[in-house]
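Here's the letter readout for the chains.
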Amino acid sequence: MSLLLLSLLLQSYASNNVILFIGDGMGPAVVTASRIQYDGLAWDKFPNTAIVSTKSYNNHVTDSAAAATAMATGSKTDNGVLSLSPKDSKEHRSSLKTLADIAKSKNYSVGLVTTTEVTHATPAAFYSHREDREDDSGIAIDLFNSKLDLMFGGSTKSVEKALSKNPAKFSILRDKKDLPSLPGKPYLGIFEMGHIPYYETSEFNKATQPRLYEMTASAIDVLSKNKAGFFLMVEGGRIDHALHKNNIPQALIETSEFSLAVTTAMEKLKQLKKLDKTLIIITADHDTAGLNINGYLNIKKPLITDRKIATSEKDSIPVLTSTAPVHAHSAAHTAVDVSLYARGPCGQSFSGLIENTDIFNKIQSCLNK
Ligand SMILES: [Zn+2]
């Protein structure tokens, strides 16, 4: 057999990698507004799409904890709960197996990347089992007991406390210069005390703090060295925060940063010859703020021309509320379905109207192929 044939054969037997990109709060109108503002998004040409119902076990409007639990474990739970079954189910608050556990049981490498604190609800649902998403000290303990190969985001007091008690668990990174490209002791990258600041504000330190795409590239470099395969979750965590403040320009900037992370991941995977063996999914955990875009808009003009962005993290004045064509209707999450875009192996399994728990089921079956 020729070497080429042999390598093709081996490649076809290699397992599938999975990258799940979650735009927190990135409802359909946020996607449309960002696509107009930035002249396209990374996933516009993905061949497979679905519509996702995000309701939780006990509410039509989910929070991030219940939504992330649904995607991480395949089970709906009560709002505010991390990867435990619902209170009134017969399993009553029992621990749910996560995609991270399943990937680990197949000897995959597992990484989580976010722009929020590492203990925030979305990443936490992949490694923590807690009744209350605000139980930061409990979640930090779960992080230090986890089998994650890599976790990047922001720190909290509880994370620092857990670190002082267990300094040997992780290689700690605090500057973007330290972002690794090779596997080693599990990495904990904590680049801010709190959430990583909004991009393009005075708080974001370009010299030391990584952008989402830089963390994503580093994570793929590290995780892809494992021949068994890898599972990576990347969260654009601060789209939601900007929407809660009705700071629409910042929400669009955060969505553009999220899109850049997707582009970077695809370029990186192509270089590594792993693009065709990697299922890439882009979705949101829920819609936030119920944006609408209206008023007949000149196709040649950007959506938002007034770039009066809140220039500081503390600057929470709702901008462009009356003059712009993009309006926010609330500061809360909504029940609106979100979009899902997929490509790569098993991508075609995503179609029609699905539940957020189906995302788990489809990823699990793809990992088993
Ligand atoms: Zn959320």
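Residues numbered from 1 in each chain as written. Predicted model: local features only at pLDDT ≥ 70, side-chain atom pairs only at ≥ 80, totals over all residues. Heavy atoms only, no water.

The next point concerns empty space enclosed by the protein. Going through the model one piece at a time under the given rule, you end up with two cavities of 30 Å³ or more. Its boundaries defined by the atoms lining it, the largest cavity holds a volume of some 110 Å³. Contributing to the lining of the largest cavity are 15 residues, with Thr115, Tyr199, Leu212, Glu254 and Glu257 lying nearest its centre. Of all the elements, helix H10 (residues 248–271) adds the most residues to the lining of the largest cavity, at three residues. Among the residues forming the lining of the largest cavity, the class breakdown is eight nonpolar, three polar and four charged. (1 Å grid on protein atoms, 1.4 Å probe; cavity = no way out; pocket = protein on both sides within 12 Å on 5 of 7 lines; lining within 4 Å. Points joined across faces, edges and corners; volume = space filled by probe spheres on them. Helix = DSSP H or I, 4+ residues; strand = E, 2+ residues; numbered from the N terminus. Nonpolar A, V, L, I, M, F, W, Y, C, P; charged D, E, K, R; others polar.)

In this section: the coordination of the zinc ion. When four donors bind a metal tetrahedrally, each ideal donor-metal-donor angle is 109.5 degrees, and when six bind octahedrally, the ideal angles are 90 or 180 degrees. Taken together, Asp24 (OD), Ser64 (OG), Asp285 (OD) and His286 (NE2) make up the protein donors of the zinc ion, found 1.8 to 2.1 Å from the metal. Geometry at the zinc ion is tetrahedral, judged from the four donor atoms that bind it and their angles of 99 to 125° at the metal. Counting the intervening residues between successive donors of the zinc ion yields the motif D-x39-S-x220-D-H. Residue aspartate 24 is located in the loop between strand S1 (17–23) and helix H2 (28–37), and its partner aspartate 285 is located in the loop between strand S8 (278–284) and strand S9 (287–288); the two are separated by 261 residues in the primary sequence. In terms of burial, aspartate 24 and aspartate 285 fall into one category: buried. (Donors = N, O, S within 2.8 Å, 3.2 Å for Na, K, Ca; no water. Tetrahedral: all angles 85-135°; square planar, octahedral: opposite > 155°, others 65-115°. Buried < 20%, exposed > 50% of the residue type's maximum accessible area, 1.4 Å probe, protein only.)

This brings us to the packing of aromatic side chains. Taken as a whole and judged by the stated rule, the model has seven aromatic pairs. Centre to centre, the rings of phenylalanine 21 and phenylalanine 258 are 6.0 Å apart; their planes meet at 80°, and the pair counts as edge-to-face. Of the two residues, phenylalanine 21 is situated in strand S1 and phenylalanine 258 in helix H10; the sequence distance between them amounts to 237 residues. According to the relative accessible area criterion, phenylalanine 21 is buried, its value standing at 0%. In this structure phenylalanine 258 comes out as buried when scored by relative accessible area, which is 0%. With centroids separated by 6.1 Å and ring planes inclined at 75°, the aromatic side chains of phenylalanine 152 and phenylalanine 191 adopt a geometry described as edge-to-face. (Phe/Tyr/Trp six-rings, centres within 6.5 Å; stacked < 30°, edge-to-face > 60°.)

All right, on to the packing of helix H3 (residues 64–73) against helix H11 (residues 356–367) then. When two helices pack together, you describe them by how their axes are tilted relative to each other and by the distance separating the axes. Interaxial distance between H3 and H11 falls to 6 Å at its minimum, and their mutual angle equals 25°. By the angle between their directions, the pair H3 and H11 is classed as roughly parallel. You can see that H3 and H11 cross each other, and the crossing is right-handed. Each of Ala67, Ala70, Met71, Ala72 and Thr73 in H3 lies in contact with H11, whose residues at this interface are Asn356, Thr357, Ile359 and Phe360. Of the residues contributing to the contact of H3 with H11, the split by class is six nonpolar, three polar and no charged. (Axes fitted to C-alpha atoms, helices over the stretch in contact; angles between N-to-C directions. Parallel < 35°, antiparallel > 145°, perpendicular 65-115°, else oblique. Left-handed = near helix turned anticlockwise from the far one by under 90°. Contact = heavy atoms within 4.5 Å.)

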